[in-house]
Structures are given as C-alpha cells and as structure tokens.
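Notes for the structure review
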Amino acid sequence: MEDVVAKYVSQKVSKTRWRPVPATALQPPEVFATGSWDNEENNISIWSVGDFEGLGLSGEYHGEPHLLCDIQHSGDVMDLQFLDQERIVAASSTGTVTIFKHHQNNETLSVSRKWEKAHHYNPSYSSASCTGIVCNSPEIFTVGEDGKINLFTAERIDAVRTLDNADSSTLHAVTYLRTTEILTVNSIGQLKIWDFRQQGNEPSQIFSLTGERVPLHCVDRHPNQQHIVATGGQDGVLSIWDVRQGSMPASLLKAHAAEVWEVHFHPSSPDHLFTCSEDGSLWHWDASMDVSGKKSLLHTGGRSSTFLSHTAVNQSIITPWLSNDPAKDRIETTNLISSPTLSINSLDVLRSYLVYGTDAESIYVKKNLFA
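Report on the accompanying structure. Note that the structure is a prediction, hence the values are computed from the model and not measured.

**As for the overall build of the protein**
The number of helices and strands found in the protein is zero helices and 31 strands. Taken over 371 residues, the protein has a buried fraction of 56%. Summarising the internal contacts of the protein: among those between residues at least 6 apart in sequence, 52% fall at separations of at least 24. Carbon and sulfur atoms provide 49% of the accessible area of the protein, an area that totals close to 15900 Å².

Here it is in structure tokens:
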C-alpha cells in the first residue's frame, strides 16, 4: 500500500474534504480540509498533501500531508463543505453554522460569517446539533437534529428561508437533487425530496425503507443521472434508490458490519462509489465493467461480488446501478483498508485521489485509486 500516506494528527477526525479543483485544471488535488470531534478542543484544519514537485518516475509523491493552518471550532465538526476555493462551511454539534475563510497568501483561517444556534429546540432555545450541510455558492442548506431545514446565503445575516418542523425526527444528511431541490435522510429510514420553489413545509416526495425503519446516516446523488441516489444506513447497508418511481430502494447491498457514515459517488467516474463505516472499513464499489469482462471476482483480501437486486426498470440510459438483469451486472467491492481498526468517519474522492479520516486520530491520502 505504498500509494497511501498517513499523518497522525492527535485528534479524532470527523470530516475530510478536498478543496475543489477547477474542471480545466490539469494539476492533481493539492489541498484538503479536516474537522475534528470528541476532543477537548476541536479544529478546522487545512492541509497540503505533500510535495508534488518531488514526483518520482512512477508518479508517486513522498512526504506526509502537512498542516497549512488551523482554527479552533466550538463543538464537534458534524459536517464540512467547501463553498468555493477560499471559503469552508462547518456544521457544529452546538447548532451553529460557520463560514471560515482560508487566506492563502499568509496561510491563516478566519471566521467570515456565523449563524449561532441555526438549529435549536423550541421553545427552550437549547441547541440542537447541525448534522449536515450542502453548498452551491452562495446558497447553503443546513439540516439538524431538530428536524429543521435552513437556507442561508453567504452574504445575508438572516436565513433566506427556514422550514421549522420539516421533519419530526432527526435529519442526518442533505444533498442536492437539482438546483432548487434537496434530498434529506432521517433517523426513521426515510429519504425525502424538498422543492424550494414551492411554498409550505411539506416534502414533494417521501421514500422509505420497508420493514425495520433503520436510521439512514448519509446520502449522495449520482452526478450525471440525478434520479439515482445512494444512502447508507445504521445497519451497514448501502441502498440504491430510483427517485423517478416507487417509494422503496431499488436495491439493498450489504457491505459493512456497522453504521455507514458516508457514501460518495466518484464525481467524474460515477460507476465507482465509496463508503466508509464505524467498523473501520472503506469500500470501493466498482460497477464500471460488465461481469463478463472481468476475471473471477472471488478473491481473498477483502474482495467480493455483490449481486444487485432490482425491480424491473424501464431505462433510457443504461446504468450499472439500476440493472434490469441482476445476473448480468455485478458490482466488484474492495475494502481499501488492509487492517481495519477504529471508525472511518469520513472520505472524499477527487480524480484518482482519496482522503479519509479516522477515530484513530489519523488522516490518510491514497492516490492511484484506479491503478
């Protein structure tokens, strides 16, 4: 595993995020942000992955990630998203949402805007954890333990819109479906679509796990085919949903032995998907090749094959995530962690680079993901 570099950071890491790279840029991702949790003092930190100038003939870089700057953060960092190249939005267990600005000329971080207790319980005004954020500059959507959804913009002091009692249970995560629509997942196994063009506090669609209402902890949408949505549950199951039809998942894929904390489609190669878990594993789900084009997938060392189970779907575009013929399409899964220890709380993928953070107080950068 020489293509993985590790850095011990003396803090449990709750979130890791690559700084966006312009689509036209040729250079690999260089900078990422992390947030910490469950420490006496928590931080937002900005890191450089190492010395890219010292690339060897094999394209490897040497040297562990190094800290560019950090700033104290009140409460656990529950979510972290780049708003743009300079600004990072952090969600806190105190209910506060903060925009931090990274000053690249002198490598410092400062508070650009803060919404205190954006999430709280009424009428006591006691704080509720802000559990998830999603950004599309200048918009910022936040969700929380209080079942509330906020829409902020970076320039305004007050919320643009608040759905006070959007959900009667805890909202765990949020992502965009389309420009004006968001997806949320909650603690009773529901996936909901909210259309912010509509007035009122009701979701436009509700999808739900059948049987036991297992909490859903994370959600991501396919970058090219917006009707395909992935969620991760407390039971370690990856669910794939087709939000064009039905109210249940199109497939349930058993992966982890404990909670799935994050799920991410690869932004530019969405036949690849990644999940990380409380059980210390990080799975790469590879649906990029038809099974007939693969060698035997039943290897040792953390590889296995998972059949997709589906209802019949009339599709205009063939996608391996929603296949009419479960026997035709297999997904190859690989655990990227050779010796799992404590929880892997967060991951992010960009181009052929993966960054992840753990309760073992370490961050890892893996390159050559598809090698």
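There is more to say, and it comes next.
**Here's the deal with the environment of threonine 96**
Summarising the element assignment, threonine 96 is placed in the loop between β7 (87-92) and β8 (97-103). A sequence separation of 20 residues divides threonine 96 from glutamate 116, and the C-alpha atoms of the two residues are 4.5 Å apart. Contact partners of threonine 96, with chain neighbours within four places excluded, come to Ala90, Ala91, Lys114, Trp115, Glu116, Lys117, Ala118 and Cys130. Engagement of the side chain of threonine 96 in a polar contact is seen with the backbone nitrogen of lysine 117, the distance being 3.2 Å.

**Re the environment of tryptophan 321**
As for its position among the elements, tryptophan 321 is in the loop between β27 (303-307) and β28 (330-335). As for tryptophan 321 and histidine 222, which are separated by 99 residues in sequence, their C-alpha atoms are 9.6 Å apart.

**With respect to the pattern of salt bridges**
Applying the stated rule across the entire model yields 13 salt bridges. In this structure, glutamate 64 engages lysine 7 in a salt bridge whose closest nitrogen and oxygen atoms are separated by 2.8 Å. Of this pair, glutamate 64 sits in the loop between β4 (42-48) and β5 (66-73) while lysine 7 sits in strand β1 (residues 4-8), and the two are 57 residues apart along the sequence. Ionic pairing is found between aspartate 38 and lysine 12, a salt bridge with its closest N-O pair at 2.7 Å. With aspartate 38 in the loop between β3 (31-36) and β4 and lysine 12 in the loop between β1 and β2 (13-18), this residue pair connects regions lying 26 residues apart in the sequence. We classify lysine 12 as partly exposed; its relative accessible area is 23%. Each of Lys15, Arg17, Asp79 and Glu262 takes part in one network of salt bridges that share partners.

**Digging into the sheet that holds strand β22 (residues 237-242)**
The strand order across the open sheet formed by four strands is β20-β21-β22-β23, and the pairing between neighbours is antiparallel. Both outer strands of the open sheet, β20 (216-221) and β23 (251-254), are each paired with one neighbouring strand and no more. On average, each strand axis in the sheet is tilted by 20° relative to the strand beside it, whichever way the strands run. Here five bridges tie strand β21 (residues 228-233) to β22, and the two strands are oriented antiparallel to one another. Directly across from alanine 230, in β22, lies its bridge partner isoleucine 240.

**Side note on the sheet that holds strand β18 (residues 190-195)**
Taken together, four strands build an open sheet; the order of strands is β16-β17-β18-β19 and the sheet is antiparallel. This sheet does not close on itself; its edge strands, each paired only once, are β16 (171-178) and β19 (205-208). Here the average twist between neighbouring strands, direction ignored, is 20°. In terms of strand pairing, β18 meets β19 through four bridges, oriented antiparallel. Bridged to lysine 192 within β19 is isoleucine 206.

**A closer look at the nonpolar core**
Proteins that are soluble and globular tend to have nonpolar side chains buried together. Ala230, Leu238, Ile240, Leu273, Trp285 and Trp321 are the most contacted members of the largest nonpolar core, which has 17 residues in total. Among the secondary structure elements, those contributing two or more residues to this core are β21, β22, β24 (260-265) and β26 (282-286). Leaving out residues up to four positions away in the same chain, leucine 273 has contacts with Ala230, Leu238, Val263, His264, Phe265, Trp283, His284, Trp285 and Trp321.

**Thoughts on the packing of aromatic side chains**
The description of an aromatic ring pair rests on the distance of the ring centres and on the angle between the ring planes. Applying the stated criterion across every chain yields a total of nine aromatic pairs. An angle of 80° between the planes, with centres 5.8 Å apart, marks the rings of phenylalanine 265 and tryptophan 321 as edge-to-face. With phenylalanine 265 in strand β24 and tryptophan 321 in the loop between β27 and β28, this pair connects stretches of sequence that are 56 residues apart. Aromatic ring contacts, followed pair by pair, group Trp18, Phe32, Trp47 and Tyr353 into a single cluster. The cationic tip of lysine 12 hangs over the ring face of tryptophan 37; the distance from NZ or CZ to the ring centre is 5.5 Å.

**Considerations on unusual backbone geometry**
In this structure, proline 123 follows asparagine 122 across a cis peptide bond, with omega equal to -5°. Locating proline 123 in the fold gives a position in the loop between β10 (120-121) and β11 (126-127). The omega angle of the peptide bond from serine 137 to proline 138 is 5°, so this bond is cis rather than trans. As for its placement among the helices and strands, proline 138 is situated in the loop between β12 (130-136) and β13 (139-144). The backbone of tyrosine 125 sits at a positive phi, close to 65°, despite the residue not being glycine.

**Quick notes on the pairing of β3**
Of all the six residues making up β3, six are buried; the element is thus mostly covered by neighbouring parts of the structure. Side chains Val31, Ala33 and Gly35 project from β3 onto one buried face, and the interleaved Phe32, Thr34 and Ser36 project onto a second face that is buried too. The pairing of β2 with β3 spans five bridges and is classified as antiparallel. From the neighbouring strand, tryptophan 18 faces β3, where its bridge partner is phenylalanine 32. Looking at chain direction, β3 and β4 are connected through five bridges and run antiparallel. Directly across from glycine 35, in β4, lies its bridge partner isoleucine 44.

Thresholds, definitions, all that
The residue numbering used here restarts from 1 in each chain and proceeds along that chain's sequence as written. The predicted nature of this model means local features are confined to residues of pLDDT at least 70 and side-chain atom pairs, given and counted, to a pLDDT of 80 or more, with totals for whole chains, interfaces and linings taken over all residues. As a convention, hydrogens and water are excluded, and side-chain values are obtained from all of the structure's heavy atoms. Numbering of helices and strands starts at the N terminus; helices are DSSP runs of H or I of at least 4 residues and strands are runs of E of at least 2. Only protein chains enter the calculation, and the probe is 1.4 Å; a residue is then buried if its accessible area is under 20% of its type maximum, exposed if over 50%, and partly exposed in between. In what follows, a contact means two residues having at least one pair of non-hydrogen atoms within 4.5 Å. Each accessible area is a Shrake-Rupley result for a 1.4 Å probe, and residues are judged covered by the shown protein chains and nothing else. Polar contact is the term for a pair of N or O atoms within 3.5 Å; when the atoms are in protein, one must be able to donate a hydrogen and the other to accept it, and sequence-neighboring residues count only if both atoms are side-chain atoms. Salt bridge, as applied in this entry: a Lys or Arg side-chain nitrogen positioned within 4 Å of an Asp or Glu carboxyl oxygen. In this analysis, strands are considered paired if DSSP registers two or more bridges between them. As a rule, the C-alpha atoms of each element are fitted with a line to give its axis, helices using only the stretch in contact, and angles between N-to-C directions run from 0 to 180 degrees. We call a set of buried residues a nonpolar core when its members are Ala, Val, Leu, Ile, Met, Phe, Trp, Tyr or Cys and they connect through side-chain atoms within 4.5 Å of each other. For this analysis, a ring pair means two rings from Phe, Tyr or Trp (six-membered ring only for Trp) whose centres lie within 6.5 Å, classed as stacked if their planes differ by under 30 degrees, edge-to-face if by over 60, and tilted for the remaining angles. Charge over a ring is defined by NZ of Lys or CZ of Arg lying within 6 Å of the ring centre and within 35 degrees of the ring normal.

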